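Listed here are the chains, written in short residue letters.
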Amino acid sequence: MKKIWLVLILACVFVLSSCGGDDKGATKVEDDNVQEEASDADAAEEPAEPDEKPAEKPEENTTPENFNPENPGYFVEFIIIDVNMANQPQTMATGYFMKAAREDLNPHSFDESTLDTCTFGESVESVPQCASKDDCAPEQDCVLEYDNNGNAYPNSEHCETLGRASLDVGPVMISGFNGGPYQFAYEPGDQAYKLNGTGDGSIPGDMIAYGVDYTISGENMLPDDLDSLSATFTMPPSFVISEPVPQPNEGGGFGDIINVTPGQPLTIKWAGNNGFGYIDVNFVVMKSLMEQVSITCRMVDDGEFTIPAEFTTEMQLSAGDSGNPLGDMLGMMNIITVNRHVEAPITGNGITAGTFSAEQMVLYTLGNNQ
C-alpha cells in the first residue's frame, strides 16, 4: 500500500502543496562566488587551510529510532512506469522531493520468505502498526490509508508525518532513455517532476530502452542543505511470457491468452533479470458471477517459476457460451496481471532516503486448455 505511484492505470497525479523558489538558488550561487573571491585574497597573506567538506546528512538520521525531525534532510522518489494493457502501451516517468520523515527510513523491502511463493488473495493481510498517536513519534500521527475512492484499507493504521509538501529543488537529469539524457523539472500544477517540467507525466513509448543502465543525477540543488544525488539501476528486458506461449485473443479483453490446465503445475518462463528485482503475478479467476478467486505469486526475476497444482486447481473457469453476453463478460474478467519491479537507493549530500525505480506491467487474459 506504500506504493503511491501505481494504481492500475496511472492516475499518478500528486496532490501535494507546493514550496520552494528560484530566488534562493540565485543567492546561493552569488554567495559562493563572494566566498571564493575572499578566499583568493586571503591566500596571499595567510597559510592555506584545508577546505571544509560540505555538510552531509546527519548520521543520526540513518535509523527511525535516531531520526532528528529538526534536521531531517530530504526524501526523493522517481519512477519509470511501462504498461502494456490490451497491446496498448503507456509509459510514464515522474518523481518528487520532500523533507524527509521518520517513516521514510522504514525498510521498503519485503519479507524475503515470500519470494517464489504463491498465496490466495491479492496481498499479505495487513497488520496495524499503531492504535493511536501515543504509539507514534512526537511528530507523527496514527492514520489510515485510503484507496482512490476514499475507502479506508482495513488494518492499515500506521504512523505518518502529516503536512509534508512536494518541493522544487531544481532540475535533475536521467540517462538511459533512448535519445537521452533528458531533463526532468518541477511542474507546479501537479507539484511533481516531469519530462521538461511539462505535461501529465507521460513520456513517448519509444524513449524506453531495455537491458541498459538508467542513472538519475543532480548537482548544486537549490536548498543550502541539499547538494547532490545519484542512483543507477539496470532496466530489465521488456517483459513477455515465453512459456506457455501466449495465444491471440480474438475476443478482445485485456491481452493475449495464457492457457492453464487446472490441477496441473504451471511453469512460467520469461527473459529474466539475473535474479535482481522481483515479479508479482496476480490471477483473477471468475468461476461464476458470484465467485471470484485471487491468487498472487511473488517470483525472483530469474526467468522461470512453477505455480503449484494446489493453486492452479482454483483456475477452473466458468464455461460461458460464446455469444452469451454474461459468459463473454466473465471471460474478459479472467485476468493475469504481471508487475515487474526493480529499484536502487538514491544517495547524495542532503539525501536521507530515496528510491529510483521502474515498474513494468503487462496484462494477459487467463484461459483453460481444452
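Everything numeric in this text was worked out from a predicted model, so none of it was measured.

Novice: I tried to follow the overall build of the chain on my own but got confused; where do I start?
Specialist: When you go through the chain residue by residue, the secondary structure sums to three helices and 18 strands. The buried share of the chain, reckoned over its 370 residues, is 42%. When the accessible surface of the chain is summed, it comes to about 19400 Å², and 50% of that surface belongs to carbon and sulfur atoms.

Novice: Would you take a moment to explain the nonpolar core for this structure?
Specialist: One recurring pattern in soluble globular proteins is that nonpolar side chains are buried together. Judged by nonpolar contacts, the single largest core of 33 residues is most densely connected at Phe78, Ile80, Phe97, Phe177, Tyr214 and Phe356. Top element by residues in this core is strand S1 (residues 74–85). It accounts for four residues. Not counting the four nearest positions on each side in its chain, Phe78 is found in contact with Thr94, Gly95, Tyr96, Phe97, Val172, Ile174, Phe184, Tyr193, Ile216, Thr355, Phe356 and Ser357. Residues Val260, Cys297, Val338 and Tyr364 belong to the second largest nonpolar core, which totals 26 residues.

Novice: Would you take a moment to explain the pairing of strand S13 (residues 266–270) for this structure?
Specialist: Consecutive side chains of a regular strand alternate in pointing toward one face of the sheet and then the other. Of the two faces of S13, only one is covered, namely that formed by Leu266, Ile268 and Trp270; the face formed by Thr267 and Lys269 stays uncovered. Relative to S13, strand S11 (residues 241–243) runs antiparallel, the two being bridged by two bridges. Considered in S13, the bridge of Ile241 is made with Trp270. Alignment of S13 against strand S16 (residues 304–307), held across four bridges, turns out to be antiparallel. Bridge pairing in S16 links Leu266 to Ile307.

Novice: Explain the confidence of the model for the chain here, please?
Specialist: Low-confidence regions, as indicated by low pLDDT, have predicted coordinates that should not be scrutinised in detail. With 76% of its residues at a pLDDT of at least 70, the chain reaches an overall mean of 81. Taken as a whole, residues 1–58 scores under 50 in pLDDT and shows 79 contacts with residues more than four places along the chain or in a different chain.

Novice: In this structure, what is going on with the sheet that holds S13? I would like to understand it.
Specialist: Hydrogen bonds between backbone atoms are what pair the strands of a sheet, whose relative direction is either parallel or antiparallel. The strand order across the open sheet formed by three strands is S11-S13-S16, and the pairing between neighbours is antiparallel. Whereas interior strands pair on both sides, the edge strands pair on one side only; in this sheet they are S11 and S16. Strand-to-strand, the axes of this sheet are offset by a mean angle of 35°, without reference to chain direction.

Novice: So what exactly am I meant to see when it comes to the pattern of salt bridges here?
Specialist: Charged atoms that come close allow side chains of opposite charge to pair. What the rule picks out here adds up to 10 salt bridges. Arg164 serves as the salt-bridge partner of Glu103, at 4.0 Å between the closest nitrogen and oxygen. You can see Glu103 sitting in the loop between strand S2 (88–99) and strand S3 (117–120) and its partner Arg164 sitting in the loop between strand S5 (158–160) and strand S6 (172–175), a full 61 residues away along the chain. Among the ionic pairs, Lys194 bridges to Asp190, the shortest N-O distance being 2.5 Å.

Novice: How should I be thinking about the pairing of S2 in this particular structure?
Specialist: Two elements, S1 and S2, share 12 bridges in a ladder whose sense is antiparallel. Directly across from Phe75, in S2, lies its bridge partner Met98. Connecting S1 to the antiparallel partner S2 that follows it, the hairpin turn spans two residues, and Ala86 within it adopts a positive phi of roughly 55°.

Novice: Looking at this structure, how should I read the side chain of Thr365?
Specialist: Among the structural elements, Thr365 can be located in strand S18 (residues 351–368). We classify Thr365 as buried; its relative accessible area is 6%. Side-chain polar atoms of Thr365 contact the side chain of Asn249, separated by 3.1 Å.

Novice: Where do I start with the state of the cysteines in this structure?
Specialist: Between two cysteines, a covalent bond joining their sulfur atoms is known as a disulfide. Under the definition given, this model contains three disulfides. One disulfide in the model links Cys118 with Cys297; its S-S distance is 2.0 Å. The sign of the S-S torsion, about 105°, decides the handedness of the disulfide formed by Cys118 and Cys297: right-handed. Residue Cys118 is located in strand S3, and its partner Cys297 is located in strand S15 (residues 291–300); the two are separated by 179 residues in the primary sequence. With relative accessibility at 13%, the residue Cys118 sits in the buried group. The exposure class assigned to Cys297 is buried, which follows from its relative accessible area of 0%.

What counts, and where the lines are drawn
- Residues numbered from 1 in each chain as written.
- Predicted model: local features only at pLDDT ≥ 70, side-chain atom pairs only at ≥ 80, totals over all residues.
- Heavy atoms only, no water.
- Helix = DSSP H or I, 4+ residues; strand = E, 2+ residues; numbered from the N terminus.
- Buried < 20%, exposed > 50% of the residue type's maximum accessible area, 1.4 Å probe, protein only.
- Areas by Shrake-Rupley, 256 points an atom, 1.4 Å probe, with all protein chains shown as cover.
- Core = buried A, V, L, I, M, F, W, Y, C linked by side-chain atoms within 4.5 Å.
- Contact = heavy atoms within 4.5 Å.
- Pairing = 2+ DSSP bridges.
- pLDDT = per-residue confidence, 0-100.
- Axes fitted to C-alpha atoms, helices over the stretch in contact; angles between N-to-C directions.
- Salt bridge = Lys/Arg side-chain N within 4 Å of Asp/Glu carboxyl O.
- Polar contact = N/O pair within 3.5 Å; in protein donor to acceptor, adjacent residues only side chain to side chain.
- Disulfide = S-S within 2.5 Å.

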